[in-house]
Amino acid sequence: MQPIRISLALLAASILLAANLVPVLAQTKPTHSEIQDALNLADIYIRSTVKQLASNQYQEVVNTNQAVIAEYPSIPLKVVHSNGVIIRAGEDTKQGSYASTYLENPSEPSSTVFKYDIGFRYRNTVTGLVYHNVPKLQITINYNYNSTSSSITIKHLAWDNTGQISYTDLYLHGVYIARLNANTVNQTYTLTIDKNSPLLNSFRYIERHGVQLAYQYFSAVGDTTLANKMKQRLIDRGYQAGKDIYAPMFKDGTSYASNFVYESGSNGVYRDCYEEPSMLPSSYQYHSKVCTIGVDTYIVFSRSNDWLVPTLWAIHLLNRGVNPDTPMFDGYQTWSPRQVARHVETKWLADYGIKSPWSDSHASGVRTAAFLVLETLLGYKYGDNTSKQYADKAAYALTKPQVKGSGYITRENEDGSTSTLYRPKYTGAFYTAWNGFNYVAKKSILQQLSDMFSQPDEHPDIKAGNAESTITIAQALRVYDCYAYSYNCTRVP
């Protein structure tokens, strides 16, 4: 039978050559060079979202010893009313029973242009009446005004006379644009700004999974200045630096109890739900759905219906010296780190990542990142061949859903079609979720229900990546690169 197999192989090769085709072999392991290129781009994005300004209308932190990190790129508009009241886009405050800002009429005139309306509300403190257009604006941002700049055009659409507000000053972050009142309706204002300006970061930040992750990341890459600023911020707000569900990915938190990633209360891993820093002129803390749903309720869900925290729990056990096959009780069930890995492998979407709990087709950035770390440890450190194969595939997959140097994003739309959008401020960011490596915009019903508990957006444009997804994926690739190629080995499990 051997000659027959050889002749069939030769026949197949001759057919391919005759058709001028080359057989394609699926790559299942990224090279060190590919990993380093992705890490270098991610570093650009992460650094671009640092918030550390401490003066006047630009103030993001209370002093220059602190830093926080923006949730994502934004169009951070705010108004300062004649009575001194400041309202920032997307802030989680109310005017009467209404949110302080609202968004309408989003559109994409081209791949480089986005357009929407934003209204600022005001409640008369005497009559109790709520006015919805104080002011209302139409925003048009051209992300490719020229080779270095974006342009933002703002048209004043409407003004409600409140009887208390005579004018309002409009700012982009801390940049003064115009004084608006009843006489400026229909007037237009245009400014240009560097495409990568830190003034195009969101107002919002979060200590949990934001400042905590940034502290870990800058410590890992050796930037002690930014690491110390992030750490000081955490200390000033009563946090324990490194007490975060993602700490195991950096081999931090080993002194904490086995189940610390499920700890509630003001000293637990969701401390942001128990304490509230004051809003600053150009900064406020984001209120996550965890806080809205309730920490204890979310922890129950994270144990029983999600696989992110169990994966991080398993990494933490390995960091503490637990054998991969030692069963441990996590507060919900008893299983070993290897059993966690086998369970999460059933959530693998061949071959682009670990699925989100909200969709059977969308891969999740943070879940794939945590999975890569666990499988790398089991595969490369403990010799589990199944885990090693998954680690290779996951590492290769995670080099793909990233905004590369061109600044273009391929998005999968609600109807299954794709669009290519130019959003240069996202360069280096890893997508939060993807389908076949395209950024996912469409949402399952479960995701829509989940989003009902989220804070209102600052703007309605795409949010392809954020600090959490980018830092966790970068760290996962660092861990893999250390075990596979002996590079990037600082602060890895």
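Quantities reported herein were computed from a predicted structural model and do not represent experimental measurements. (Residues numbered from 1 in each chain as written. Predicted model: local features only at pLDDT ≥ 70, side-chain atom pairs only at ≥ 80, totals over all residues. Heavy atoms only, no water.)

**Q** How would you explain the sheet that holds strand β24 (residues 418-422) if you had to name every residue and give the values?
**A** In spatial order, the strands read β22-β25-β26-β23-β24; together these five strands make up an open sheet with mixed pairing. Every other strand in the sheet has two partners, leaving β22 (363-364) and β24 as the edge strands with one partner each. (Pairing = 2+ DSSP bridges. Helix = DSSP H or I, 4+ residues; strand = E, 2+ residues; numbered from the N terminus.)

**Q** An account of the pattern of salt bridges is needed here, citing residue identities and associated values.
**A** Going through the model one piece at a time under the given rule, you end up with 22 salt bridges. The partner of D384 in a salt bridge is R342, with the nearest N and O atoms 3.0 Å apart. Placement of the pair is D384 in the loop between α9 (365-381) and α10 (385-398) and R342 in helix α8 (residues 337-345), with a sequence separation of 42 residues. On the basis of relative accessible area, D384 is assigned to the buried category, the value being 7%. Salt-bridge contacts for K393 lead to D351; the nearest nitrogen and oxygen are separated by 3.7 Å. Of this pair, K393 sits in helix α10 while D351 sits in the loop between β20 (348-349) and β21 (353-354), placing them 42 residues apart in sequence. Residue classification places K393 among the partly exposed positions, given a relative accessible area of 21%. Exposure remark for D351: the relative accessible area of 40% places this residue in the partly exposed category. Taken together, the shared-partner salt bridges in this structure form one network comprising D325, R338, R342, E345 and D384. (Salt bridge = Lys/Arg side-chain N within 4 Å of Asp/Glu carboxyl O. Buried < 20%, exposed > 50% of the residue type's maximum accessible area, 1.4 Å probe, protein only.)

**Q** Quick one: what's the story with the nonpolar core, residue by residue and with numbers?
**A** Soluble globular proteins: nonpolar side chains tend toward being buried together. In this structure, F218, M230, I245, M249, Y270, L372 and L477 are the most contacted members of the largest nonpolar core, which totals 95 residues. L170, A178, L180 and I193 belong to the second-largest nonpolar core, a separate cluster that totals 28 residues. (Core = buried A, V, L, I, M, F, W, Y, C linked by side-chain atoms within 4.5 Å.)

**Q** A description of the environment of Y256 should follow, citing residues and the corresponding values.
**A** Mapped onto the fold, Y256 is located in the loop between α4 (224-236) and β17 (284-285). Judged by its relative accessible area of 17%, Y256 is buried. The spatial distance from the C-alpha of Y256 to the C-alpha of N435 is 36 Å, given a sequence separation of 179 residues.

**Q** An account of the confidence of the model for the protein is needed here, citing residue identities and associated values.
**A** Predicted confidence across the protein gives a mean pLDDT of 92, with 92% of residues reaching 70 or more. Segment residues 1-26 is flagged for pLDDT under 50; beyond a separation of four residues in sequence, or across chains, it makes two contacts in the model. Across residues 444-450 the pLDDT falls below 50, and counting only partners more than four positions away or on other chains, this stretch makes nine contacts in the model. (pLDDT = per-residue confidence, 0-100. Contact = heavy atoms within 4.5 Å.)

**Q** Would you mind going over the packing of α8 against α9 in detail, with residue names and values included?
**A** As a packed pair, α8 and α9 sit with axes 10 Å apart at the nearest point and diverge in direction by 130°. If you check the angle between α8 and α9, you find them oblique. Of the two possible hands of crossing, α8 and α9 adopt the one that is left-handed. Here α8 contributes P337, R338, V340, A341, R342, V344 and E345 to the contact with α9, which in turn contributes F371, L374, E375 and L378. Considering only residue class, the contact of α8 with α9 consists of seven nonpolar, no polar and four charged. (Axes fitted to C-alpha atoms, helices over the stretch in contact; angles between N-to-C directions. Parallel < 35°, antiparallel > 145°, perpendicular 65-115°, else oblique. Left-handed = near helix turned anticlockwise from the far one by under 90°. Nonpolar A, V, L, I, M, F, W, Y, C, P; charged D, E, K, R; others polar.)

**Q** Quick rundown of the pairing of strand β15 (residues 188-194)? Include the residues and the values.
**A** Only one face of β15 is covered, namely the one carrying Y189, L191 and I193; the face carrying T188, T190, T192 and D194 has none of its residues buried. Bridge count for strand β12 (residues 149-158) against β15 is seven bridges, and the pairing is antiparallel. Its bridge partner being in β15, I152 is matched across the sheet by L191.

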